[in-house]
Amino acid sequence: MLNQLGLWGLFLGCLLSATIIPFSSEALVTGALLLDYSPWTVILVATLGNTIGGMTCYLLGWLCKWSWIERFLKVKEETLAKAHQKVEKYGSFAALLTWIPIIGDPIALAMGLMRTRVVPTTLLMFIGKGLRYMAVAGLFSALI
């Protein structure tokens, strides 16, 4: 996919991986780095795509009822309850944790359900996801 779509493929793949669709954006980032794209370009494109994907989960939470999310998206009630507790405790700062596999999407959903402020949520989500991709690129650089 990356060979044919390049940075657009990276963007779309990272966007999809931040939704309820299970997908590894780290593998895409590594693939893009193997194709000799600039590390900073890869980090920026992946972060933008993954943040937009995370905000899609946030929007779903904003628009939907808790019961709909559990029923149609198959997110377990206890997973949403844990994410809800983190959002209650940390507010918009919980967006820094949306990069974490498995619990990141429910945190974004819970933030939407709780209607956290959009701008701080988006900025903090962007920062958290960007730090993850910087770590992936740094690890890649150290290993290659």
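Being a predicted model, the structure only gives us computed values, none of them experimental.

Peer 1: Could you give an account of a nonpolar patch on the surface, naming the residues involved and the relevant values?
Peer 2: Together, Trp40, Leu44, Leu48, Phe126, Ile127, Leu131 and Met134 give the surface a local cluster of nonpolar side chains, amounting to about 680 Å² of exposed area. Counting residues per element, the nonpolar patch draws most heavily on helix α7 (residues 118-143), at four residues. Tracing the chain through its elements places Leu48 in helix α3 (residues 39-63).

Peer 1: Tell me about the nonpolar core, residues and numbers included.
Peer 2: Membership of the largest hydrophobic core comes to 18 residues, with the highest contact counts inside it found for Ile69, Val87, Ile107, Leu109 and Met111. Breaking this core down by element, the ones donating at least two residues are α3, α5 (77-90), α6 (104-113) and α7. No other element matches the six residues that α6 contributes to this core. In this view, Val87 contacts Ala94, Ile107, Ala110, Met111, Met114 and Thr116; residues no more than four positions away in its chain are not counted.

Peer 1: I'd like a rundown of the packing of α5 against α6, residues and numbers included.
Peer 2: In contact at an axis separation of 8 Å, α5 and α6 are set at 65° when each is read in the N-to-C sense. Read as a crossing pair, α5 and α6 show a hand that is right-handed. From α5, Thr79, Leu80, Ala83, His84, Lys86 and Val87 reach across to α6, where they touch Pro106, Ile107, Leu109, Ala110 and Met111. Here the residues of the contact of α5 with α6 are counted per class, giving eight nonpolar, two polar and one charged.

Peer 1: Pulling in residues and values, what's your account of the confidence of the model for the protein chain?
Peer 2: The pLDDT averaged across the protein chain works out to 87; a share of 96% of its residues lies at or above 70. When the elements of the protein chain are averaged for pLDDT, helix α4 (residues 66-72) gives the smallest value, 72, and α3 the largest, 95.

Peer 1: Break down the side chain of Arg132 for me, citing the residues and quoting the values.
Peer 2: By the secondary structure assignment, Arg132 is in helix α7. Of note is the side chain of Arg132, whose polar atom sits 2.7 Å from the side chain of Tyr133. Excluding residues that lie within four positions of it along the chain, Arg132 makes contacts with Ser25, Glu26, Asn50 and Trp99.

Peer 1: Account for the packing of α3 against α7, naming residues and giving values.
Peer 2: Their axes nearest at 8 Å, the elements α3 and α7 cross at an angle of 140°. Looking at the two axes, α3 sits oblique to α7. Between α3 and α7 the crossing geometry is right-handed. Listed contacts from α7 to Trp40, Ile43, Leu44, Ala46, Thr47, Leu48, Asn50, Thr51, Gly54, Met55 and Tyr58 of α3 are Val118, Thr121, Thr122, Met125, Phe126, Lys129, Gly130, Arg132, Tyr133, Met134 and Ala137.

Peer 1: Can you lay out the packing of aromatic side chains for me, pointing to particular residues and giving the numbers?
Peer 2: Going through the model one piece at a time under the given rule, you end up with two aromatic pairs. Seen from their ring centres, Trp8 and Phe11 are 6.0 Å apart, and the 80° between their planes marks the pair as edge-to-face. With a gap of three residues between them, Trp8 and Phe11 both fall in helix α1 (residues 2-17), about one helical turn apart. Judged by relative accessible area, Phe11 falls into the buried class, the value being 18%. The interplanar angle of 35° and the centroid separation of 6.0 Å between the aromatic rings of Tyr58 and Trp62 together place this pair among those described as tilted. With Tyr58 and Trp62 both in helix α3, this residue pair falls four residues apart, about one helical turn. For Tyr58, a relative accessible area of 4% gives the class buried. Taking NZ or CZ as reference, Arg115 lies 4.7 Å from the ring centre of Trp62, over its face.

Rules used throughout
- Residues numbered from 1 in each chain as written.
- Predicted model: local features only at pLDDT ≥ 70, side-chain atom pairs only at ≥ 80, totals over all residues.
- Heavy atoms only, no water.
- Patch = residues over 30% accessible without salt bridge, like charges linked within 9 Å, V, L, I, M, F, W, Y side chains within 5 Å.
- Areas by Shrake-Rupley, 256 points an atom, 1.4 Å probe, with all protein chains shown as cover.
- Salt bridge = Lys/Arg side-chain N within 4 Å of Asp/Glu carboxyl O.
- Helix = DSSP H or I, 4+ residues; strand = E, 2+ residues; numbered from the N terminus.
- Core = buried A, V, L, I, M, F, W, Y, C linked by side-chain atoms within 4.5 Å.
- Buried < 20%, exposed > 50% of the residue type's maximum accessible area, 1.4 Å probe, protein only.
- Contact = heavy atoms within 4.5 Å.
- Axes fitted to C-alpha atoms, helices over the stretch in contact; angles between N-to-C directions.
- Left-handed = near helix turned anticlockwise from the far one by under 90°.
- Nonpolar A, V, L, I, M, F, W, Y, C, P; charged D, E, K, R; others polar.
- pLDDT = per-residue confidence, 0-100.
- Polar contact = N/O pair within 3.5 Å; in protein donor to acceptor, adjacent residues only side chain to side chain.
- Parallel < 35°, antiparallel > 145°, perpendicular 65-115°, else oblique.
- Phe/Tyr/Trp six-rings, centres within 6.5 Å; stacked < 30°, edge-to-face > 60°.
- Lys NZ or Arg CZ within 6 Å of the ring centre and 35° of its normal.

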